[in-house]
Structure formats: C-alpha cells, structure tokens
Amino acid sequence: MVKLVKENKDQWELSTSPAVLAVIGDLKEGREAADGEIPLLEYAPNSEHAQAMRDLAKELAV
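Residues numbered from 1 in each chain as written. Predicted model: local features only at pLDDT ≥ 70, side-chain atom pairs only at ≥ 80, totals over all residues. Heavy atoms only, no water.

(A) Region of the structure containing the overall build of the protein. What the protein contains, in helices and strands, is 4 helices and 0 strands. N-terminal to C-terminal, the α/β element order of the protein is α-α-α-α. Here the C-alpha radius of gyration of the protein, 14 Å, is well above what a compact globule of 62 residues would show, namely 11 Å. Here the protein holds 62 residues, and the buried ones make up 11% of them. Considering only residue pairs separated by 6 or more positions, the protein has 22% of its internal contacts joining residues 24 or more positions apart. (Helix = DSSP H or I, 4+ residues; strand = E, 2+ residues; numbered from the N terminus. Rg over C-alpha atoms; globule rule 2.2 N^0.38 Å. Buried < 20%, exposed > 50% of the residue type's maximum accessible area, 1.4 Å probe, protein only. Contact = heavy atoms within 4.5 Å.)

Dropping the structure here:
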C-alpha cells in the first residue's frame, strides 16, 4: 500500500496540468489542530505545516 501511495504521489508531483503548488505531508501539528478544532495558524503558527499553508496562500493570491 505504501509503495502504491508513493508512486501515485511521485506521478502527481510531476504533473504539469495543473501544476503542483505544494505538498503537505501528514504532519503532527495539522492532525492535532484538526482534532482540537483549532485553526492551524493559531495552534502551531511556527510549524512546518503552517509555513506550507502560508506559502500556498501566497501562490494562490497572485
């Protein structure tokens, strides 16, 4: 199962239509924030997950 997921992820990242803007893994802070129903940027504003979300927002705002 893990191999299939990795292969699909690799193919997806190589896709150019539409372009891949971000890959956000299953990070602990994201799960904890969701479980507690707390916005990620409030729960863990300095986390890798929060920074990835900020970067994605910047890309989409252009």
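(B) Structural context of unusual backbone geometry. One non-glycine residue with positive phi stands out, namely Glu37, at about 55°. Along the polypeptide, Glu37 turns up in the loop between α2 (28-35) and α3 (40-43).

(C) Seen up close, the environment of Asp26. Position of Asp26 among the secondary structure elements: in the loop between α1 (2-14) and α2. Classification of Asp26 by relative accessible area gives exposed; the value is 61%. On a C-alpha basis, the gap between Asp26 and Leu60 in space is 21 Å, while along the polypeptide they are 34 residues apart.

(D) How the structure looks around the pattern of salt bridges. In this structure the tally under the stated criterion is 1 salt bridge. Here Lys28 and Glu32 are joined by a salt bridge, their closest N and O atoms 3.9 Å apart. Linking Lys28 with Glu32, this pair stays in helix α2, spanning 4 residues, or about one helical turn. Exposure remark for Lys28: the relative accessible area of 47% places this residue in the partly exposed category. (Salt bridge = Lys/Arg side-chain N within 4 Å of Asp/Glu carboxyl O.)

(E) Looking closely at the side chain of Ser47. With respect to the helices and strands, the residue Ser47 is situated in the loop between α3 and α4 (48-61). When residues no more than four places from it in sequence are discounted, the contact partners of Ser47 are Glu29 and Leu40.

The quantities given are spatial measurements derived from coordinates; they are silent on function.
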